[in-house]
Amino acid sequence: MSHIKNLIPSTVNPFLQKERAEAEFNVEEFSAWWHGGQDKLKKKREIEKAIFSDLEDGYGLNHEYMSHEEVYNSTVKKVAEASVKLKALQNKLNPGGTDIWPGGLFNAQSFGLFPANHPVATHITMFVDVIKGQGTAEQVEKWGKPAENCNIIGTYAQTELAHGTNVRGLATRADFDPKTDEFVLNTPNLEAYKWWPGGLGHTANHAMVVAQLYIADVHHGVQMFIVPVRDSETHMALPGVDIGEIGKKLGMASVNQGFLGLNHVRIPRTNMLMKFAKVERDGTFKASPASRINYLTMVYTRCLIVSQNSTLLLAAATIATRYSAVRRQSPIEPNQPEPQIIDHVTQRLKLFPEIATGIAYHLATEYVWEMYAQTVQEANNGKFERLPDMHILSCALKVLCTTDGCAGIEKLRLSTGGHGYLTAANLSNIYGNAVAAYTYEGENTVLLLQIGRALVKAWASFVDKKPLSASYSYFASSMQLKEFPKWDDSWQCIIKALQYTAAHKTRIAFENLANRMASGQSQGVAANNTGIELTRAAELHGRQFVCQTFLEQITGAKAQKRSPALNKILENVLELFLVQTVLNNLNDILRFIKLSDADLRSLQKRLEDSLEQFRPNAVAICDGFEFHDRVLNSVLGSYDGNVYPRLFDSAKRSTMNQKPVQTSFESYLKPLMKAKL
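Residues numbered from 1 in each chain as written. Predicted model: local features only at pLDDT ≥ 70, side-chain atom pairs only at ≥ 80, totals over all residues. Heavy atoms only, no water.

Per an unreviewed UniProt entry, the protein carries the name Acyl-coenzyme A oxidase and comes from Drosophila sechellia. Per its UniProt entry, the protein bears the Subcellular location (unreviewed entry) comment "Peroxisome". Checking UniProt for the protein, the heading Cofactor (unreviewed entry) contains the comment "FAD". (UniProt positions renumbered as here; feature names shortened; annotations may be inferred.)

As structure tokens, then:
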């Protein structure tokens, strides 16, 4: 296929060259900042050179023309081959660490290695980490280390066919048998079958089963159990295990999500994770010192989701921005040459706010990971006070990042016109990977309602003058004001306006909930009828946090480590994000804050000015994220910008084009064309 390769020039598109030459900051400095320092950036590049340089021609596109079964099997082959590379690199660059192996199975580089996603991600991101986080030292030694090396492969089996976000409603049972010192696990009906766990279909031979624990028919809450599901040699399902794949999905072609039914499956008592809650040999149950300790698993996963979805949004933004710098269309002035479409202000509005949003969530993620590490450390020392706040915060970020990210990716796909509809643009795959997170690990509306309930509970404490955690400190500062001060266009003014609005939305939700209960509605019915107000208050609670965190990350102490030129660029990104957030939430803000026509015109002008200032640096900012071409896997977003040759190259690769005439012509099309009325 050498004639196909020759379609693509070895030079960079001149429009992209011009964009990079005119950038107002040092891209290398941006990349080093983005990736946590020059040493980490250097290592990233070394890893990518090692893992991507020898991939065969068409590696990122060939799977699109395979059958469902072929895609899965080819991906398993890719995982096995990549594991050899990743283990060798880990031993070479950071012996004893986990950042490359198994980290390379789920970080951004994994999208380049596994363009159809892969079935071992849930094993690494959840099965392994849950054992390490909630298993005893003995369990970590027995299960964690082999799992980390993929000597056993597991999955996290919580969601059931008829139950998802409502963990308390799970129907799978684990009954303790004191005679044999075993748990007996059952999915009592079809609705109780585990459904959706990644890799469960035909990959995992163990499952972390989340089930209701019963001892002598007394319920002891939801616990986690390590359950072997397939024979370690033959990979056949074990007795009492009904297992398989759930079928094709919108995206994630190779993740191999599965179903699992258990019929009197016995496991040793020591297969229940017992770092916190415990079952003794005589059947004595010792509850976890914190009722919400199992939420640590979901907090971890939600942090991971925010990290991954912000990365996916920025990958889509990089593709769309580079394409917009190459594509020319629709003269702005009559009889003038067609401009780059990035010069149309409406196109900038599609692109630049999504870049700002991705950066905002990336920085919020870094902050949340720091909080998560502190929460785990405190939990290990028997302190659990931070858990409720961490749970609510992770819920809010998961909801906002997946909601904004999915909407943003689709907006970016549309910004590329018809070409973005092609699979080879990879925007559909990016969307498929991102949108799944809208529902897994907590459906977004359900999570917003959880946050809303936490908010009204905190408001009740505020009204009763009880101490509140730092997450709700803006209640007091907002309610001390008889009315919001005169709008002064500052960033702090925007933050305070969002907090003021969030506080009053919480107040109204609290008052309406109380009024409904006072009128005779039960607490559950009243909460259901207040759902719209609760979810809106919850969203604003999350947005004020993201904005506040973004402001601190850009203008705080860390700014001293960056050059003035880079800080200027990042401050404009911050400006765009804050102004856009205000404009997107004006319907609520104007209910509580007086903004004049001049104030609103000022916000509109600030939006337009920030887009204008963003323009000369947009391509360079995307370059700063350092997405390898293999990771983007897009004919529209390649670093060299050779969009049209790559589009034609991908078309020539279609299996339909490997023969001049399809078999259906003689069988069906020709007779149809020759038929007479």
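(A) Focus on the domain arrangement of the protein. As far as domains go, the protein holds domain 1 (14–115 + 295–437), domain 2 (152–289) and domain 3 (444–615). Just the C-alpha atoms count here: the centres of domain 1 and domain 2 sit 32 Å apart. It is His68, Tyr72 and Phe384 that lose the most area in domain 1 upon contact with domain 2, and together they represent 43% of the buried surface on that side. On the surface where domain 1 and domain 2 come into contact, there are zero salt bridges. Summed over the shared surface of domain 1 and domain 2, the result is six residue pairs in polar contact (both at pLDDT 80 or more). Going through the elements one at a time, helix H5 (68–93), helix H9 (295–326), helix H10 (345–380) and helix H12 (427–435) are the ones with two or more residues in the side of domain 1 that touches domain 2. Considering only residue class, the side of domain 1 that touches domain 2 consists of eight nonpolar, six polar and no charged. (Domains from an automatic or database assignment. Buried area = accessible area lost by both parts, 1.4 Å probe. Salt bridge = Lys/Arg side-chain N within 4 Å of Asp/Glu carboxyl O. Polar contact = N/O pair within 3.5 Å; in protein donor to acceptor, adjacent residues only side chain to side chain. Helix = DSSP H or I, 4+ residues; strand = E, 2+ residues; numbered from the N terminus. Nonpolar A, V, L, I, M, F, W, Y, C, P; charged D, E, K, R; others polar.)

(B) Local environment of empty space enclosed by the protein. Tallied over the entire structure, the rule returns two cavities of 30 Å³ or more. One number sums up the size of the largest cavity: a volume of about 130 Å³. In this structure, the largest cavity is lined by 13 residues; those nearest its centre are Phe111, Asn426, Ile430, Asn433 and Val631. At the level of elements, H9 and H12 are the ones that each hand at least two residues to the lining of the largest cavity. Its residues assigned to classes, the lining of the largest cavity comprises eight nonpolar, five polar and no charged. (1 Å grid on protein atoms, 1.4 Å probe; cavity = no way out; pocket = protein on both sides within 12 Å on 5 of 7 lines; lining within 4 Å. Points joined across faces, edges and corners; volume = space filled by probe spheres on them.)

(C) Spotlight on a nonpolar patch on the surface. A grouping of Leu669, Leu672 and Met673 is seen on the molecular surface, where their side chains present a nonpolar patch of about 340 Å² in accessible area. Tracing the backbone through its elements, the reader meets Leu672 in helix H24 (residues 664–674). (Patch = residues over 30% accessible without salt bridge, like charges linked within 9 Å, V, L, I, M, F, W, Y side chains within 5 Å. Areas by Shrake-Rupley, 256 points an atom, 1.4 Å probe, with all protein chains shown as cover.)

(D) Main features of the packing of helix H11 (residues 387–415) against helix H13 (residues 444–463). Axis separation between H11 and H13 bottoms out at 9 Å; the angle between their running directions is 140°. By crossing handedness, the relation of H11 to H13 is classed as left-handed. Contacts between H11 and H13 involve His391, Ile392, Cys395, Ala396, Lys398, Val399, Thr402 and Thr403 from the first element and Asn444, Leu447, Leu448, Gln450, Ile451 and Ala454 from the second. Its residues placed into classes, the contact of H11 with H13 shows eight nonpolar, five polar and one charged. (Axes fitted to C-alpha atoms, helices over the stretch in contact; angles between N-to-C directions. Left-handed = near helix turned anticlockwise from the far one by under 90°. Contact = heavy atoms within 4.5 Å.)

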